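Residues per chain are reported as follows:
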Amino acid sequence: MFAYAVKRLIQMLVVLWAVSVIVFMMMSFTGDPVFMVVPIDATDAEIAQARRILGLDRSLPEQYVLFLKNLLQGEFGRSYVFRQPALDLILERLPATLEIVLVALLIATVVAIPLGVFAGANPQNPLSRLIMSGSLVGISLPGFWVGMMLIFIFAVELRLFPSSGRGETVEFLGIRTSLLTANGWHHIVLPAVTLSFGTLAIILRITRAGMMEVMRQDYIKFARAKGVSRRGVLYGHGLRNGLIPVVTIFGLQLGDLIAFATITETIFAWPGMGKLLIDSIYRADRPVIVVYLMLVALIFVVVNFIVDILYTMIDPRITVK
Amino acid sequence: MTLNLLPLRRLMATAALALALAAGSADAKQLTVGLTADAVHLDPQAGEELSSNIMFYHIYDPLVRRTADLEFVPGLAESWELVDDTTWHFRLREGVTFHNGAELTPRDVVFTLERLKASLMSSLGRNIESFSEVDERTVEIKTFQPYAVLPNDLAGILILNEAHVTEVGDEQVDLSPVGTGPYRLANWSKEDRLVLEAFEEYWGGKPEIDTVVFRPITNPATRTAALLTGEVDIVQDLSVRDVERVAREADYEVITRPSLLNLVLALDFRDQSPTIPLDTNPMQDQRVREAITRAIDVETIRVAVMNGLSTPSEQYVPASHIGYLPGASFREMYPFDLERARELMAEAGYADGFKMTLDATNNRYVNDQQIAQALAQMLSQIGIELELNLMPRANFFGYIRVPSDSSSFIMSGWDVPSGDAGSMYGAMFHTRDVRDAYGRVNRGAYSNPDVDALIIEADSTADVRQRHETLQRVTEILMQDIPMIPVHYEQDIYAAHNRVQFTPRTDKFMWAFEMDIAE
Amino acid sequence: MASRVLSSQLVFNWRRNPPAILGTLVVLLCAVIVIAGPLLVSQNPYDLRQLSLLDSYKPPVWLDGGDPRYLLGTDGQGRDVMASIVYGTRISAMIGVTAMLMACAIGTTLGLLAGYFGGRLDALIMRVADVQLSFPSMLIALFLMSAFGTGIDKVLIALTAVGWVVYARTVRGSTLGEVQKEYVQAAHVAGLSHAKIILRHVLPNVLTPLIVIATVQVGTFILIEASLSFLGVGVPITRPSLGLLIKNGFDVLFAGLWWNSVFPGLMIMAMVFGINLMGDFLRDELNPRLK
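Residues numbered from 1 in each chain as written. Chains lettered and ligands numbered in written order. Predicted model: local features only at pLDDT ≥ 70, side-chain atom pairs only at ≥ 80, totals over all residues. Heavy atoms only, no water.

1. Focus on the packing of helix α3 (residues 81-117) of chain C against helix α4 (residues 119-133) of chain C
All names here are of chain C.
Phase 1: Running from amino to carboxyl end, α3 crosses α4 at an angle of 140°, the nearest separation of the two axes being 7 Å. As far as their axial angle goes, α4 and α3 are oblique. For the pair α3 and α4, the sense of crossing is left-handed. Contacts from Leu110, Leu113, Ala114 and Phe117 of α3 reach α4 at Gly119, Leu121, Asp122, Ile125 and Met126. (Axes fitted to C-alpha atoms, helices over the stretch in contact; angles between N-to-C directions. Helix = DSSP H or I, 4+ residues; strand = E, 2+ residues; numbered from the N terminus. Parallel < 35°, antiparallel > 145°, perpendicular 65-115°, else oblique. Left-handed = near helix turned anticlockwise from the far one by under 90°. Contact = heavy atoms within 4.5 Å.)

Below you can see the structure in the form of structure tokens.
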């Protein structure tokens, strides 16, 4: 177990290092960030001064070595645009992103699992077919289209929900969250629903597949033969085993949710780190992009590690190697 | 999508109204503003874009204030005088205090200018050679050469408090600013809201509106939605297509004002042009340049692309500016006329036209990509096959930068908030690479010795009237030569709830100090 | 022989599966649009000379002010929305299919090599795959586009870079299984070259699971491309895909000009829905575990 954790840790460090190199290399293709900072008619001297202030007067390899050196001292680089530490900028916006991601995941789970269990347990039922086709529509829709339609119908036409922003926030354990105010929940509904669409469909389908698989197993047939009620079989035996694959997919879905949050945040003016990423891409703000990608990789690896551990706890047949 | 949701909506509106009444109208006036983006900086020497500029002028003051209509009036300096051709004395207003209680001194002004020179924004002080404290209320500023419009430049330099900056350090100045302005920062939750509160001891009197909340809403459609749902009271940059929609609502009004931003097309003058597959550059021929000008139907762009919300440009600068030549207009000299344009192309030997590429942005100017497409449509009528090379702004300005080695035809915007054509002419039309600080944005490598001489003449007089006349002569020559085709001025479009009293400013910097809310 | 049995079984099951039939019909319809599209509409929306700004924002023909020349209305450049959708569908589908084929070719090759030869090559390829799998595809594509700049060719590169991993992993897994089998061992003994063994014996046996992956991936790619275009880093506006059409339509949605975003939205949904219905059917049929 310990050896496994160490191995994963090393893997993670390799991943993070690779990310930093690739991002540094790639970003040299984009526009020169200095032109985002100086006025259009800047003189050569003014441009040189700006380069010096931003640390762009060195060659790319030199900049990278400097970046690594700073990294070892816990310095993640400074945004060219904001002139603030890139990590601070991102951490400041992280809670807002986690909020919609978690609420979206919650919505997806609460809706998808019952529907998936039903469809898996009754594959021939017409309602199951409807559920399955509906879930396919969920995967087939572009998220931004859904978001705009929701704003159009529920914010502009019906005026049921606000169209944008995060609403009131309160400080809780040192983190600003909008999940503790009614106004905050009112704001989070539309973006979280938009974001949950794809994940909902995927969890539903995995749940169904898991259930179908389990229902074919001999022990279920035995249980039925022994006279355990259908309902008892379904929830007592089937559900627990059927949900094992769903746990794994959580880890993967979290990554996708964070990725698609960039679009949702842009549409709903949600003050999260995804919107910061998009803005930074438009502004060629390399330090922010590097740190963002490293952080996402970190979250992803950690979550999948936890998922692996959970997996062994739910399913005793599997041990981590 | 003509859903009939009206009855439901009425119900909701009634409910909302009841709620608002129950909450009671507090004495404190609050205004919520929907901006296109969050401020990036609160340190005016760390960078600038529109949202930050809006905050700067709430929090800080300049020595010379630019009014809504581009006049230059006393700000922190109550008066100024020209001591000799290059030396100015600025006398500071008495009894001005910073938000931290400190009193404004000449030392703060000197500190501000020193810090500016070493900062990213050093271009703001480009024409200033030196500065010093003369006595406890006077600052002396020297320019490199006679420079008649120094006060206009100073309207862009905001005064910092020396003690505060030295104490908290550069990084914190960006987060917890201290100025002399009518508002001070109450709370800034990045990308969500920036809250300003009135500064009671403001030297210009206490502001009418007590609290101003700025909310960044980048997506234009969402911004319109936020206004219509009552989440914000006023929005900036209403999408041109949403104008009718908002105007239909009884409680809202759309407010427009021609902006200073002139959309211009730069033509290449070099012997060979990077994207034209010919041995010669057809655009060196004045007839071809005229033909292009005549083939562009600015009026149709205004109606069909801009939804009527643009003002076709007469010249390179608007009528309010030094250097504007009354009575002269591109639209009258070269009106839209395809017949004549085709004749000119034939006379120049290009009856079959030629191919070239237009470089333009896709997220910088209002409807920029639509305009670029319209231009391609129009120029195809005279045989010019226009490829479009559209880029986000992050790539664009580096790509087209002088020496512009890959560009033949560039669409970009230029605005001159200083109210003077000189800086634009010097940067865009003076021959490249012969004098430092001149011709830096001359992307088409236009060169005319008469223009060069006149620009230098204008820049070496301290007399504003003489500068005006000299620059007018430059305008006259340029309109013959057509180094650039001005297309139109965008309109700044705002939409607000009826109870907001708001007059837009020429420089687009929304300023709550000039606004009020009806009870 | 085995494949004949499989395909007749496939056809039999297909006939009794209405969603599969629907999916196939939708995909065929899209194929017709892609192949014969230009013949179906009178206007070429890319030829700016055919457009007139004066015809901009005409509503669909059944509404007041509709123009019989433009069944589904026009956009801000006076472009026929139906023609735009037909050409946009071609772009979207072309990007989805081409990127899938490229990703499949590269991924399969690398997977075969990794699984067959093992050793350092295997370790290297799988490590790269691991690194890449720590990121959601959408983020990788977004990042690559921002680094390379916009354009159809760059979208293809970005999607290929995102998509190859899944093939490489699957193929490597199946190859590892095949290599153990007796017939491969026998081929070795018979002195066949590596290339021949891989191409003649291993490859045909690892392809089946890829069919499902490939089908679903086309749909995913179409949606990712749409998202990239929505964020302004996808295809150029002069050759808009369905995603870019929707984005441009949104700018005028609240102004009541809904036909510019709703119709392309329905088209992309129909196309991806059809592809996914087919993918579902194929998964059930070709993946015996779930049958």
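Further notes follow.
2. Structural notes on the sheet that holds strand β6 (residues 128-135) of chain B
Whether parallel or antiparallel, the strands of a sheet pair through hydrogen bonds between backbone atoms.
Residues and elements named next belong to chain B.
Phase 1: Spatial ordering of the open sheet is given by β4-β5-β7-β6, a layout of four strands whose pairing is antiparallel. On the outer flanks of this sheet lie β4 (77-84) and β6, each paired with one strand and no other. Averaged over all adjacent pairs, the angle separating strand axes in this sheet is 20°, with direction ignored.
Phase 2: Taken together, the six bridges between β6 and strand β7 (residues 138-143) define a ladder with antiparallel strand orientation. Along β7, the bridge assignment pairs serine 132 with glutamate 140.
Phase 3: Across the sheet, helix α3 (residues 106-117) touches β5 (87-92), β6 and β7, and the angle it forms with β6 is around 160°. (Pairing = 2+ DSSP bridges.)

3. What about the nonpolar core?
Residue and element names in this part refer to chain B.
Phase 1: Grouped together as the largest cluster of nonpolar side chains are 270 residues, with contacts concentrated most on Ile292, Ile296, Ile301 and Tyr425.
Phase 2: With near-sequence residues (within four places) excluded, isoleucine 296 lies in contact with Leu265, Ile301, Phe336, Leu375, Met378, Leu379 and Ile485.
Phase 3: Val33, Tyr202, Ile255 and Met515 belong to the second largest nonpolar core, which has 39 residues in total. (Core = buried A, V, L, I, M, F, W, Y, C linked by side-chain atoms within 4.5 Å. Buried < 20%, exposed > 50% of the residue type's maximum accessible area, 1.4 Å probe, protein only.)

4. Things to note about a nonpolar patch on the surface
Phase 1: A grouping of Leu298, Val302, Ile306, Leu310 and Met313 of chain A is seen on the molecular surface, where their side chains present a nonpolar patch of about 420 Å² in accessible area.
Phase 2: For isoleucine 306 of chain A, a relative accessible area of 45% puts it in the partly exposed group. (Patch = residues over 30% accessible without salt bridge, like charges linked within 9 Å, V, L, I, M, F, W, Y side chains within 5 Å. Areas by Shrake-Rupley, 256 points an atom, 1.4 Å probe, with all protein chains shown as cover. Salt bridge = Lys/Arg side-chain N within 4 Å of Asp/Glu carboxyl O.)

5. Things to note about α4 of chain C
Phase 1: The first and last C-alpha atoms of α4 of chain C sit 21 Å apart over 15 residues, in line with the 21 Å expected at 1.5 Å per residue.
Phase 2: All of the buried residues in α4 of chain C are Asp122, Ile125, Met126, Ala129, Val131 and Gln132 of chain C. (Expected span 1.5 Å × (residues − 1).)

6. Concerning the environment of lysine 154 of chain C
Residues and elements named next belong to chain C.
Phase 1: Tracing the backbone through its elements, the reader meets lysine 154 in helix α6 (residues 152-180).
Phase 2: Looking at lysine 154, the relative accessible area reads 26%, which means it is partly exposed.
Phase 3: Setting aside residues up to four positions removed in sequence, lysine 154 forms contacts with Met145, Phe148 and Gly149.

7. Here's the deal with the interface of chain B and chain A
Phase 1: At the interface, 49 residues of chain B touch 54 residues of chain A.
Phase 2: Both sides together, the interface formed by chain B and chain A hides about 4,500 Å², and carbon and sulfur atoms give 56% of it.
Phase 3: Among the residues chain B hides against chain A, the three largest losses belong to Leu120, Glu191 and Arg401 of chain B. Together they make up 15% of the total.
Phase 4: Our count for the chain B to chain A interface comes out at four salt bridges. (Buried area = accessible area lost by both parts, 1.4 Å probe.)

8. Quick word on unusual backbone geometry
Phase 1: With an omega of 15°, the peptide bond between valine 402 of chain B and proline 403 of chain B qualifies as cis.
Phase 2: If you trace the backbone, proline 403 of chain B turns up in the loop between α14 (393-399) and β16 (409-414).
Phase 3: Within the chain, alanine 269 of chain A stands out as a residue other than glycine whose phi angle is a positive 50°.
Phase 4: Along the chain, the position of alanine 269 of chain A falls in the loop between α11 (244-268) and α12 (273-282).
Phase 5: In this model, glutamate 191 of chain B sits at a positive phi of 65°, which is unusual for a non-glycine residue.

9. Quick notes on the pairing of β4 of chain B
Residue and element names in this part refer to chain B.
Phase 1: Relative to β5, β4 runs antiparallel, the two sharing six bridges. Residue pairing in the sheet places glutamate 81 in a bridge with histidine 89 of β5.
Phase 2: With antiparallel pairing between neighbouring strands as the criterion, β4 and β5 make up a hairpin whose turn holds two residues.

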